[in-house]
Amino acid sequence: MAIVAGVDFGTLSVRVTLVDSVKGPIGTASASYPLHRRREDPNYATQSHADQMAALAAATRDVLKTTGVRGDAVEAIALDTTGSSVIPVGEGLEPLDEYYLWCDHRAFAEAEEITRKAHELGFEGIEWCGGVYSHEWGFAKLLHWLRHNPEKRAKLVTALEHCDMVAATLSGVTTVKGLKRSVCAMGHKWMWNPKWGGLPPEDFLVAVDPLLKDVRAKIGGEYLTSDSVAGHLSARWAAELGLRAGIPIPVGAFDAHWDAIGSNCREGDAVNVVGTSTCIIAMAHETELVPGVCGVVPGSVHPAYTGIEAGLSATGDIFDAIAKRAHATVAALSDGLDAYKAGQTGLLRLSWDNGDRTVLVNPELGGVTLGWNLVHTAQDELFAAIEGTAFHTRIILERMAEHGVRIDRVINAGGIPQKSEVLNRVYANVLNKPVLVPAGIPTSLGSGIFALLAAGAYKTVEEAQAAVCLPLRTVEPDAQSAAVYERLYRHYRDVYFALGTRDAAPVALGRVLPELRKIASEQVGGLAS
């Protein structure tokens, strides 16, 4: 028997779960940290490394206390984080600034320049990230930082993804040479791939902007999958966390990728990690490139498979924004949603409030709601937003399937499916597939699985999953609701590509609003007429 700690750094808090190799999760604690936003710049989103490390220490000590587990009994600690969350560091790997958090979208112009230059020069890496480099990814954020911090440029030693920075900090690594970098993070967000020798070539980067000269050499260290060890817990941080010095820390990864592992993901599964945003994760032994899908990376989710990542730039954040505008909470607005029928609101809502991550990869889009009348409520909009995120998810899953990604099962993981049976029901009906939901929150359980591998408790991911993953319950689609959503989806898809694609071919959008009213009238006897 072994006990390990699995850590998940989310957008607003860190969760630490103790996992017993036989019993599974035995206790969880969390601690929050501030997200720094600017009203005058909605693209701005940063976080302090020091704040996050203090929260990690608090949550770790809390879970030890509440479970009664002695710190010296914990045999490994593994961590996943948000991404691409990028921090520039100087000598000793000390931060030069805060993290450009995953949801910081200031680098949209830089991303467009990288995309344009990659196609112009024929750099293959752009095809492996869906043909478009994202404003949410590493090189765009680093270039934005270099352009806007001229006084700090000379101090830059390297830039780190969040998961690699935390592992380096915990293990006392202070030089680039000693770094272990995550294939998951670098493959999905920095166009790293052994096929072209790792990172993009120097001549390509300099062609994007001369400020990127020599940056490739600075992004050094060893690139590894998560079945490798990044380091061992230093004496300093062992004291801070209340754990034993010297325990292994495996190479980290992104939160959604390990949430998929913690949800018992296998080949043929698509895992919707539904939280503030949605990450859609799949894995396959063999797959082709998928246009508009942001990452196809060998070894990123499971060391033995190619990981496929897509998603929505906002999900829970949209629900929260609707509630805030109504001076309410999501919980309050959700009361009574279980009585809503498919399409009854007469609203069609596109989930672009924070841009489009997949399949359009366009940060310039904004939320769109069609069909308003004078008596619609915030609750109606919330239900339409749930439907809209389900429709958007269907567009992504269909694109993946068109390009050879096998999807036998859909798993709704993340925090929101545990709180909203309405969301699970809508997704099952929109996708017209059974949706599986873990019987409990799997967040940080994936980290626990990789910690168990590092501790030697299990030899394979599959062995650990069989021992500690939560059971899955099934939400079946309703045939009548699925038929209504089939009609609505055709209109959603038309509007999605017509409004979301520059120079899109004309489509008959004039039929959309009358059809929305017709469907709503059929569902509730003329309420929306």
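That block above? That's the structure.
Residues numbered from 1 in each chain as written. Predicted model: local features only at pLDDT ≥ 70, side-chain atom pairs only at ≥ 80, totals over all residues. Heavy atoms only, no water.

J.: Sorry if this is basic, but what is going on with the sheet that holds strand β2 (residues 13-20) here?
T.: The pairing of strands in a sheet comes from backbone hydrogen bonds and takes either a parallel or an antiparallel form. Spatially, β3-β2-β1-β6-β14 is the arrangement adopted by the five strands of the open sheet, whose pairing is mixed. Each end of this open sheet is capped by a strand with a single partner; those strands are β3 (24-32) and β14 (253-254). With five bridges joining them, strand β1 (residues 3-9) and strand β6 (residues 74-81) adopt parallel strand pairing. Within β6, the position partnered with Ile3 by the bridge is Val74. (Pairing = 2+ DSSP bridges. Helix = DSSP H or I, 4+ residues; strand = E, 2+ residues; numbered from the N terminus.)

J.: Explanation requested: a nonpolar patch on the surface in the structure shown.
T.: Together, Leu499, Val507 and Leu509 make up an exposed nonpolar region whose accessible area comes to about 220 Å². Inspection of the secondary structure assignment puts Val507 in the loop between α17 (479-500) and α18 (512-524). Residue Val507 is classed as partly exposed on the basis of its relative accessible area, which comes to 39%. (Patch = residues over 30% accessible without salt bridge, like charges linked within 9 Å, V, L, I, M, F, W, Y side chains within 5 Å. Areas by Shrake-Rupley, 256 points an atom, 1.4 Å probe, with all protein chains shown as cover. Salt bridge = Lys/Arg side-chain N within 4 Å of Asp/Glu carboxyl O. Buried < 20%, exposed > 50% of the residue type's maximum accessible area, 1.4 Å probe, protein only.)

J.: Help me understand the sheet that holds strand β15 (residues 269-274), please; the structure alone is not making it clear to me.
T.: Read across the sheet, seven strands follow the order β17-β18-β16-β15-β21-β22-β23 without closing on themselves; strand pairing throughout is mixed. Each end of this open sheet is capped by a strand with a single partner; those strands are β17 (295-298) and β23 (472-475). The sheet shows a mean angle of 25 degrees between the axes of neighbouring strands, taken without regard to direction. For strand β22 (residues 435-438) and β23, the ladder comprises four bridges, and the chain directions are antiparallel. The residue bridging Pro438 from the neighbouring strand is Leu472, located in β23. Its contacts with the sheet put helix α9 (residues 255-262) on β15, β16 (278-284) and β18 (306-312), and the angle it makes with β16 is roughly 60 degrees. Helix-sheet contacts for helix α12 (residues 378-402) involve β15, β16, β18 and β21 (409-413), and the interaxial angle to β18 is about 150 degrees. (Axes fitted to C-alpha atoms, helices over the stretch in contact; angles between N-to-C directions. Contact = heavy atoms within 4.5 Å.)

J.: Would you explain the state of the cysteines in this entry?
T.: Chemically, a disulfide is nothing more than a covalent bond linking the sulfur atoms of two cysteines. Inspection of every chain in the model, using the stated rule, returns zero disulfides. As a non-bridged cysteine, Cys265 has Cys469 as the owner of its nearest cysteine sulfur, 9.9 Å distant. (Disulfide = S-S within 2.5 Å.)

J.: What exactly am I supposed to notice about α18 here?
T.: Structural remark: α-helix, 3.6 residues per turn; residues separated by three or four positions point the same way. With 13 residues, α18 should cover 18 Å at 1.5 Å per step; its first-to-last C-alpha distance of 19 Å lies within 8% of that length. Val512, Glu515, Leu516, Ile519, Ala520 and Gln523 are the residues of α18 that are buried. Seen along its axis, α18 keeps its buried residues to an arc of 135 degrees; they face one direction. Structurally, α18 contributes buried residues whose contacts are with β19 (348-350), β20 (368-370) and α17. (Expected span 1.5 Å × (residues − 1). Arc of directions from axis to C-beta.)

J.: I keep staring at the side chain of Ser447 and nothing clicks. Help me out?
T.: The topology assignment puts Ser447 in helix α15 (residues 445-455). On the basis of relative accessible area, Ser447 is assigned to the buried category, the value being 0%.

J.: What is the right way to read the pattern of salt bridges from this model?
T.: When charged atoms on two side chains of opposite charge get close, those side chains can pair. This structure, assessed with the given rule, holds 23 salt bridges. For Arg325, the salt bridge identified is with Glu381, shortest N-O distance 3.7 Å. Of this pair, Arg325 sits in helix α10 (residues 316-325) while Glu381 sits in helix α12, placing them 56 residues apart in sequence. Accessibility expressed as a relative area gives 52% for Arg325, which makes it exposed. According to the relative accessible area criterion, Glu381 is buried, its value standing at 10%. Note that Arg487 and Glu515 form a salt bridge whose closest N and O atoms lie 3.1 Å from each other. Taken together, the positions of Arg487 in helix α17 and Glu515 in helix α18 put the pair 28 residues apart, joining distant regions of the chain. Note on Arg487: relative accessible area 21%, which makes it partly exposed.

J.: Is there a simple way to explain the packing of aromatic side chains in this structure?
T.: By convention here, two paired aromatic rings are described through the distance between centres and the angle between planes. Considering all chains together, one arrives at 15 aromatic pairs under this definition. Where Tyr133 meets Trp137, the ring centres are 5.1 Å apart and the plane angle is 85 degrees; that geometry is what we call edge-to-face. A residue is classified by how much of its surface remains accessible, and Trp137, at 2% relative accessible area, is buried. Connected via pairs of aromatic rings, a cluster forms that spans Trp352, Phe391, Tyr485, Tyr489, Tyr492, Tyr496 and Phe497. We note Arg38 situated over the ring of Tyr44; from NZ or CZ to the ring centre the distance is 4.0 Å. Seen from the ring of Tyr489, Arg394 lies directly overhead, with NZ or CZ sitting 4.0 Å from the centre. (Phe/Tyr/Trp six-rings, centres within 6.5 Å; stacked < 30°, edge-to-face > 60°. Lys NZ or Arg CZ within 6 Å of the ring centre and 35° of its normal.)

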